[in-house]
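So you can see what is in the structure, the chains are spelled out below.
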Amino acid sequence: MTQKFDVIIIGGGPAGSTCANLLTKKGLSVAIIDKEKFPRDKICAGWITPAVIETLKIDLEDYRQNRTLQPLTGFITGMIGEKCRLTRYGKPMSYGIRRCEFDHYLLERSGAKQILGEPVKTMVRKGNLWTINEKFTSRLLIGAGGHFCPVTKHTGTKFGQTEPIVAAQEVEFKMDAAHKADCLVEAESPELYFCRDLKGYGWIFRKGDYLNIGLGRQDNHKLSKHVELFVKDLQQAGRVPKTLPKKMSGHAYLLYGDTPRTLYDDGLLVIGDAAGLAYAQSGEGIRPAIESAVFAAEVALAARSDYSRDKLKHYQTRIEERFGQRDKRRNIKLARIIPTSFKRMLAAKLLASKYFSRNFVLNKWFFHMEQAPLKIK
Ligand SMILES: Cc1cc2nc3c(=O)[nH]c(=O)nc-3n(C[C@H](O)[C@H](O)[C@H](O)COP(=O)(O)OP(=O)(O)OC[C@H]3O[C@@H](n4cnc5c(N)ncnc54)[C@H](O)[C@@H]3O)c2cc1C
């Protein structure tokens, strides 16, 4: 006996839950299948921009009742080992959340049937019907399973072979009194430190009682060494506790434009990290994941149950209208012509500038202030 749904979504992260929420509100029967049982942890710094709150219409007072919600009003930026700069805004420009809480909250309000602790192992398409794990069927399948989404594998992605990934490691833990006494980081002001070769950045991020430390790079060669040196530097400067109670964990993802992953096909849409959508400058992935989910839901609803490739192709158009053409290779070549030593020197000077830190690093790269929040129709 199989269970039938209008739509099956693989992955109950922000992308999957957001898409499910919009489809169930219009009366579709939706199942979210996730290999984990929720609440589950997700390797992430947990920084969200106000655009996410606005698009998802999250009531902050309600959310913070029994969850961590850290308003962020100031930001320390600089290059590792150089003088850094504090930019204050005097109002929340972003928020710190814990992914185990945030993702669970979104899943609970999605209205979908939750099939949890169920890794997707098989997906078969016969006629216009998908059968997942030989148990669940639907005419539309949405891949929202993150970087290693099984739907992406089904469409031909060979993980770890041709894709220029961002590799990142982080640790998040609840600080006890000794940790707190040994940590100079202010909760309202997360700290961002760019690597000297400009291939990534590290962060320290205090959210209420929790501390999150991490570093991500576009080049995963000797990542652990980079992370180790970064943490040692912070410990020597007294910014973070001398001993961390947990080991670092790692994960990979893709920046927008670096991948030709399939976004749609007959009976299929791919959203969030599964589609490789994180912002290239900051690595912020939650906002693009949510926005792609909105586009996917709108395109699916407009298709009126005809989920042919032709009806779903508009999804890619919406993505490219919002985030730009996916092929950025021309820009990458140009960037390579500039000598690295010159880029480093220039970057160190720019990062020391008050104007550049506020207007480019923060307002443009991290807050995407030029892009208005997406409104759900
Ligand atoms: C170290 C690090 C720090 C980051 N920090 C930030 C940040 O501060 N802010 C930000 O905006 N972004 C950040 N990101 C990026 C962000 O985490 C992702 O872009 C975001 O989680 C994408 O959401 P998603 O719903 O597409 O996928 P995910 O959140 O990855 O959810 C995918 C879901 O699919 C499930 N799944 C996977 N495989 C299967 C399977 N075979 N069967 C069933 N279920 C499956 C998983 O269990 C998971 O629940 C960070 C990433 C990393 C690695």
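Structure's up top.
Conventions and cut-offs
Numbering of residues starts from 1 in each chain and follows the order in which that chain's sequence is written. Thresholds applied to this predicted model are a pLDDT of at least 70 for local features of residues and 80 or more for the giving and counting of side-chain atom pairs; totals over whole chains, interfaces and linings are not thresholded and use all residues. Values reported for side chains reflect all heavy atoms of the structure, with hydrogen atoms and water molecules removed beforehand. Two rings from Phe, Tyr or Trp (for Trp, the six-membered ring) form a pair when their centres sit within 6.5 Å of each other. Planes less than 30 degrees apart are called stacked, planes more than 60 degrees apart edge-to-face, and all others tilted. Helix and strand assignments come from DSSP, with helices taken as H or I runs of at least 4 residues and strands as E runs of at least 2, each series counted from the N terminus. Per-residue accessibility, obtained with a 1.4 Å probe over protein chains only, is compared with the maximum for each type, and a residue is labelled buried under 20%, exposed over 50%, and partly exposed between these values. The criterion for a charge sitting over a ring is simple: Lys NZ or Arg CZ within 6 Å of the ring centre, and within 35 degrees of the ring normal. To estimate the expected span of a helix, count its residues, drop one, and scale the result by 1.5 Å. What qualifies as a polar contact is a pair of N or O atoms within 3.5 Å, subject to a donor-acceptor requirement within protein and to the restriction that residues adjacent in sequence count only when both atoms come from side chains. Contacts are assigned to residue pairs that have any heavy atoms within 4.5 Å of one another. For this description, a residue counts as near a given molecule or strand if any of its non-hydrogen atoms is within 4 Å of it. Per-residue accessibility takes into account occlusion by the displayed protein chains alone, with areas from the Shrake-Rupley method and a 1.4 Å probe. Think of it as three bins: nonpolar holds Ala, Val, Leu, Ile, Met, Phe, Trp, Tyr, Cys and Pro, charged holds Asp, Glu, Lys and Arg, and polar takes everything else, Gly as well. Residue ranges for the domains trace back to a domain assignment, done automatically or taken from a database.

## Here we look at the packing of aromatic side chains
- Inspection of the entire model under this criterion finds 18 aromatic pairs.
- Taking the centre distance of 5.6 Å and the plane angle of 55 degrees together, the rings of tyrosine 256 and phenylalanine 323 count as tilted. Placement of tyrosine 256 in the loop between β18 (249–253) and β19 (264–265) and of phenylalanine 323 in helix α10 (residues 314–323) is noted, with a sequence separation of 67 residues between them.
- Its relative accessible area of 6% is what places tyrosine 256 among the buried residues.
- The aromatic ring of tyrosine 63 is capped on one face by arginine 67, whose charged end is 5.0 Å from the ring centroid.
- Positioned over the ring face of tyrosine 89 is arginine 358, at 4.6 Å from the centre of the ring.

## So, helix α13 (residues 354–366)
- Relative to the 18 Å expected for 13 residues at 1.5 Å per residue, α13 spans just 16 Å between its end C-alpha atoms, considerably shorter than the ideal helical length.
- For α13, every residue scored as buried is listed here: Phe356, Ser357, Val361, Leu362, Asn363 and Phe366.
- Put simply, serine 353 is the residue that caps the front of α13, since its side-chain oxygen is 3.3 Å from the backbone nitrogen of tyrosine 355.
- One or two steps after α13, the chain reaches histidine 368, where phi turns positive at roughly 45 degrees.

## A few points about the side chain of threonine 152
- As for its placement among the helices and strands, threonine 152 is situated in helix α5 (residues 150–154).
- Side-chain polar atoms of threonine 152 contact the backbone oxygen of alanine 274, separated by 3.2 Å.
- If near-sequence neighbours (up to four positions away) are discounted, threonine 152 is found in contact with Thr157, Phe159, Arg261, Val270 and Ala274.

## Digging into the environment of alanine 293
- Inspection of the secondary structure assignment puts alanine 293 in helix α8 (residues 286–302).
- For the pair alanine 293 and aspartate 265, spaced 28 residues apart in the sequence, the C-alpha separation amounts to 16 Å.
- With residues up to four places along the chain from it excluded, the contact list for alanine 293 reads Ala15, Thr18, Cys19 and Ile271.

## Overview of helix α1 (residues 14–25)
- For α1, built from 12 residues, the straight-helix expectation of 16 Å at 1.5 Å per residue is met to within 8% by its first-to-last C-alpha distance of 17 Å.
- The buried fraction of α1 amounts to 11 of the 12 residues, a majority that puts the element mostly inside the structure.
- When we look at burial in α1, the residues that qualify are Pro14, Ala15, Gly16, Ser17, Thr18, Cys19, Ala20, Asn21, Leu22, Leu23 and Thr24.
- Here the buried face of α1 lies against β2 (7–10), β3 (30–34), α2 (50–56), α4 (99–108), β13 (140–143) and α8.
- Positive backbone phi, at 90 degrees, marks glycine 27, one or two positions downstream of α1.

## Some words on the site of the ligand
- Around the ligand lies a shell of 38 residues, among which Asp34, Trp47, Val120, Asp273 and Ile286 are the nearest.
- At a separation of 3.0 Å, an oxygen atom of the ligand approaches a polar backbone atom of alanine 15.
- Contact with the protein chains hides 94% of the accessible area of the ligand, taken as 1000 Å² for the molecule alone.
- For the shell around the ligand, the secondary structure elements donating two or more residues are α1, β3, β14 (166–174), β18 and α8.
- Its residues placed into classes, the shell around the ligand shows 18 nonpolar, 10 polar and 10 charged.
- Viewed by domain, the shell around the ligand spans two of them, domain 1 (3–46 + 98–160 + 256–323) and domain 2 (70–95 + 166–252 + 354–377), each represented by three or more residues.

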